[in-house]
Amino acid sequence: MKFYAQQQRHVVQFHVHAKGKTVLDELSFIVLVSTKFDGEIGPLRKFWDTTFPKKRRFLHIEVKFSDWAKFDGASYHCNRNLTEDGDIKPDYVGALERADPSHLQAEALLARARG
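What counts and how
Residues numbered from 1 in each chain as written. Predicted model: local features only at pLDDT ≥ 70, side-chain atom pairs only at ≥ 80, totals over all residues. Heavy atoms only, no water. Helix = DSSP H or I, 4+ residues; strand = E, 2+ residues; numbered from the N terminus. Contact = heavy atoms within 4.5 Å. Areas by Shrake-Rupley, 256 points an atom, 1.4 Å probe, with all protein chains shown as cover. Lys, Arg positive; Asp, Glu negative; His and termini not counted. Charge placed at Lys NZ, Arg CZ, Asp CG, Glu CD. Salt bridge = Lys/Arg side-chain N within 4 Å of Asp/Glu carboxyl O. Polar contact = N/O pair within 3.5 Å; in protein donor to acceptor, adjacent residues only side chain to side chain. Phe/Tyr/Trp six-rings, centres within 6.5 Å; stacked < 30°, edge-to-face > 60°. Pairing = 2+ DSSP bridges. Axes fitted to C-alpha atoms, helices over the stretch in contact; angles between N-to-C directions. Core = buried A, V, L, I, M, F, W, Y, C linked by side-chain atoms within 4.5 Å. Buried < 20%, exposed > 50% of the residue type's maximum accessible area, 1.4 Å probe, protein only.

Visitor: Can you tell me about the overall build of the protein, naming the residues and giving the values?
Guide: Secondary structure summary: the protein contains 4 helices and 4 strands in total. In the protein, the succession of α and β elements from N to C terminus is β-β-α-β-β-α-α-α. Overall, the C-alpha framework of the protein stretches about 40 × 30 × 30 Å when taken along its three principal axes. Within the protein, contacts between residues separated by at least 24 positions form 64% of all contacts whose residues are at least 6 apart in sequence. A total of about 7,000 Å² of accessible surface is found on the protein, and carbon and sulfur atoms cover 52% of it. Computing the positive centroid from 18 side-chain charges and the negative centroid from 15, the protein places the two 7 Å apart.

Structure (structure tokens):
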């Protein structure tokens, strides 16, 4: 997963590999960030990344925050809890399980993306 912070719009964008092994954990992370910092998950888009030898489908998800402080907190949270490669740090996985038990919200988000 990759994330991009857009300061002007108070938006954090996420690109999630749609068929990755950790897609539900990554979507749970996005749900947690949105909930914790009072963000709103916007429309989801799918796109193909052709920079790899094999085309891979990604989900583009935007979370918009109402003010700078919430956006800044969410950006810092992502920087602190994701590795440089975009993986969720191992010591953070327990928080995801508490925030989204059984990945229910993540599955709903995935179904919305496939919709």
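Visitor: Before we move on, could you go through the pattern of salt bridges and cite the residues and values that matter?
Guide: Summed over the entire model, instances satisfying the criterion amount to 2 salt bridges. Of the charged contacts, one joins Arg 9 and Glu 62 as a salt bridge, the two residues approaching to 3.0 Å between their closest N and O atoms. Residue Arg 9 is located in the loop between strand 1 (2-6) and strand 2 (11-17), and its partner Glu 62 is located in strand 4 (residues 56-64); the two are separated by 53 residues in the primary sequence. A salt bridge links Asp 38 to Lys 70, with the shortest nitrogen-to-oxygen separation between them at 3.1 Å.

Visitor: Let's hear about the side chain of Asp 100: which residues, and what values?
Guide: Mapping Asp 100 onto the fold places it in the loop between helix 3 (93-99) and helix 4 (104-114). A polar contact of 2.8 Å, which involves the side chain of Asp 100, links it to the side chain of Ser 28. Apart from the residues within four sequence positions on either side, Asp 100 is in contact with Ser 28, Gln 105 and Ala 106.

Visitor: I'd love a proper account of the packing of aromatic side chains, names of residues and values included.
Guide: If you walk through the whole model with that rule in mind, you get 4 aromatic pairs. Their ring planes at 45° and their centres at 5.5 Å tell us that Trp 68 and Phe 71 sit as a pair that is tilted. Placement of both Trp 68 and Phe 71 in helix 2 (residues 68-81) is noted, with a separation of 3 residues, approximately one turn of the helix.

Visitor: I'd like a description of the sheet that holds strand 2, backed by residues and values.
Guide: The strand order across the open sheet built from 4 strands is 1-2-4-3, with neighbouring strands paired in antiparallel fashion. The open sheet is flanked by strand 1 and strand 3 (40-49), the only strands paired with a single partner. With direction set aside, neighbouring strand axes in the sheet form an average angle of 20°. Strand direction decides the pairing type here: strand 2 and strand 4, joined by 7 bridges, are antiparallel. In the sheet register, His 15 faces strand 4, and the bridge partner there is His 60. Running over the sheet, helix 2 touches strand 1 and strand 2 and is turned about 155° from strand 1. Lying over the sheet, helix 4 contacts strand 3 and strand 4, oriented at roughly 60° with respect to strand 3.

Visitor: Mind laying out the nonpolar core, listing which residues take part and the relevant values?
Guide: Counting 31 residues, the largest nonpolar core has Phe 14, Leu 27, Phe 29, Ile 30 and Ile 61 as its most contacted members. Looking at this core, the elements with two or more residues in it are strand 2, helix 1 (23-36), strand 3, strand 4, helix 2, helix 3 and helix 4. Broken down by element, this core gets its largest block of residues, 7 residues, from helix 1. In this structure, Phe 29 is in contact with Met 1, Phe 14, His 77, Cys 78, Asn 81, Leu 82, Ile 88, Tyr 92 and Leu 96, ignoring residues within four places of it in sequence.

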